[in-house]
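Spelled out from the first residue to the last, the chains are:
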Amino acid sequence: MQIHNISQQNSILNTFLSEIRNINIQNDRMRFRRNIERIGEILGYELSKSLNYQSNSVETPLGNSDINLMENDIVLCSVLRAGVPLHNGLLNYFDNAENAFISAYRHHKDNPESFEIIVEYLACPNLEGKTLVLADPMLATGQSMVATFEALKPFGTPKEIHLVSVIGAQHGVDFVQNSFESNSHLWIAAIDETLNDKGYIIPGLGDAGDLAFGEKLQH
Ligand SMILES: O=P(O)(O)OC[C@H]1O[C@H](OP(=O)(O)OP(=O)(O)O)[C@H](O)[C@@H]1O
Ligand SMILES: O=c1cc[nH]c(=O)[nH]1
Ligand SMILES: [Mg+2]
């Protein structure tokens, strides 16, 4: 897997990243969602550079302009619920993408430190030969990403796979690197050092789903 850690290069991305982490700014829910969406747009733009292009000609009122255009059939799949604003950002750029949604959440059994990933809802088009973009803002242990991909397998074999995430822990990045084929990509805004004993990314940003949509009751 090729890992593209986009904040390693200075850009406006760092402004959005600092705002979603900042304890004094992140509680503005609308701004949090919009910043995740903006990061989705930037990661989508970066990802687009690795896709396949074909020469085209566009007729203007005054002549013809040659331009290379993307030829990939894109399927955007995001993991509910924190994936929704990231999905919107990607969809802002990949106008004609097909879309898949899957739910994955951590079910805590006996204590906050042990959980399993529950996949319930899944709506997905045919993935055969398509370019699958799998989006989830937080890549902590990496278990949700891998469980999601397992659940998508009956829908066909994608031609290529791009994972898109906002903040990852090194542990989760290593886990997905070992679980996905070497020709797949991870586009990520930042990679943090570690996880705490509840599986939260440190320093991370807290709980992305709660910051975007409000706290949920455990069930
Ligand atoms: O890499 P992992 O260890 O699997 O953790 C990451 C998962 O945790 C978050 O979802 P969460 O379970 O908080 O659900 P939510 O979107 O409903 O808040 C996040 O959106 C990922 O799906
Ligand atoms: O740090 C983390 C880990 C999982 N999910 C989150 O929202 N944040
Ligand atoms: Mg959450």
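Please read these numbers as outputs of a predicted model, since none were measured by experiment.

Undergrad: I tried to follow the packing of helix α1 (residues 13–21) against helix α2 (residues 29–48) on my own but got confused; where do I start?
TA: Relative orientation and spacing of two packed helices are given, respectively, by the angle between their axes and the distance between those axes. Two elements in contact, α1 and α2, have axes separated by 9 Å at closest approach and are oriented at 145 degrees. Crossing angle aside, the handedness with which α1 passes α2 is left-handed. Here Leu13, Phe16, Leu17, Glu19 and Ile20 of α1 come into contact with α2, specifically with Arg31, Phe32, Asn35, Ile36, Arg38, Ile39 and Ile42. Class assignment for the residues of the contact of α1 with α2 results in eight nonpolar, one polar and three charged.

Undergrad: Teacher, can you tell me more about the nonpolar core here?
TA: One broad trend across soluble globular proteins is that nonpolar side chains are buried collectively. The biggest cluster of nonpolar side chains holds 35 residues, and the ones touching the most others in it are Ile20, Phe32, Ile39, Phe94, Val164, Val166 and Leu205. With six residues, α2 is the single largest residue contributor to this core. Excluding residues that lie within four positions of it along the chain, Leu205 makes contacts with Ile20, Arg21, Gln26, Phe32, Met138, Ile167 and Leu211. Within the second largest apolar cluster, 25 residues are counted, among which are Val75, Met145, Phe180 and Ile188.

Undergrad: Just checking my understanding: could you explain the layout of surface pockets for this structure?
TA: Any empty space left between the atoms is revealed when a probe the size of a water molecule rolls over them. Its boundaries defined by the atoms lining it, the largest pocket holds a volume of some 790 Å³. For the largest pocket, the lining is made up of 34 residues, of which Tyr105, Arg106, Tyr200, Asp207 and Lys216 are closest to its centre. Broken down by secondary-structure element, the contributors of at least two residues to the lining of the largest pocket are β4 (74–80), β5 (98–108), β8 (138–139), α4 (143–152) and α6 (208–213). The element that contributes the greatest number of residues to the lining of the largest pocket is β5, accounting for five residues. When grouped by side-chain class, the residues that make up the lining of the largest pocket number 15 nonpolar, eleven polar and eight charged.

Undergrad: Sorry, what's going on with the state of the cysteines here?
TA: Disulfides are covalent bonds that connect the sulfur atoms of two cysteines. In total, this model carries zero disulfides according to the counting rule given. Free of any disulfide, Cys124 has its nearest neighbouring cysteine sulfur in Cys77, separated by 6.0 Å.

Undergrad: When you look at the site of ligand 2 in this model, what are you seeing that I'm missing?
TA: Every residue close to ligand 2 is listed here: Arg106, Met138, Ala140, Gly199, Tyr200, Ile201, Gly206, Asp207 and Ala208. Between ligand 2 and the protein, one listed contact pairs a nitrogen atom with a backbone N or O atom of Gly206 at 2.8 Å. Ala208 is positioned such that a nitrogen or oxygen atom in its backbone is 2.7 Å from an oxygen atom of ligand 2. If ligand 2 stood free it would expose 240 Å²; the protein chains cover 87% of that surface. Put simply, ligand 2 lies in the largest pocket. Across the shell around ligand 2, the residue classes break down as five nonpolar, two polar and two charged.

Scoring rules and cut-offs
Residues numbered from 1 in each chain as written. Chains lettered and ligands numbered in written order. Predicted model: local features only at pLDDT ≥ 70, side-chain atom pairs only at ≥ 80, totals over all residues. Heavy atoms only, no water. Axes fitted to C-alpha atoms, helices over the stretch in contact; angles between N-to-C directions. Helix = DSSP H or I, 4+ residues; strand = E, 2+ residues; numbered from the N terminus. Left-handed = near helix turned anticlockwise from the far one by under 90°. Contact = heavy atoms within 4.5 Å. Nonpolar A, V, L, I, M, F, W, Y, C, P; charged D, E, K, R; others polar. Core = buried A, V, L, I, M, F, W, Y, C linked by side-chain atoms within 4.5 Å. Buried < 20%, exposed > 50% of the residue type's maximum accessible area, 1.4 Å probe, protein only. 1 Å grid on protein atoms, 1.4 Å probe; cavity = no way out; pocket = protein on both sides within 12 Å on 5 of 7 lines; lining within 4 Å. Points joined across faces, edges and corners; volume = space filled by probe spheres on them. Disulfide = S-S within 2.5 Å. Near = heavy atom within 4 Å. Polar contact = N/O pair within 3.5 Å; in protein donor to acceptor, adjacent residues only side chain to side chain. Areas by Shrake-Rupley, 256 points an atom, 1.4 Å probe, with all protein chains shown as cover. Sits in = over half its atoms within 2 Å of the grid points.

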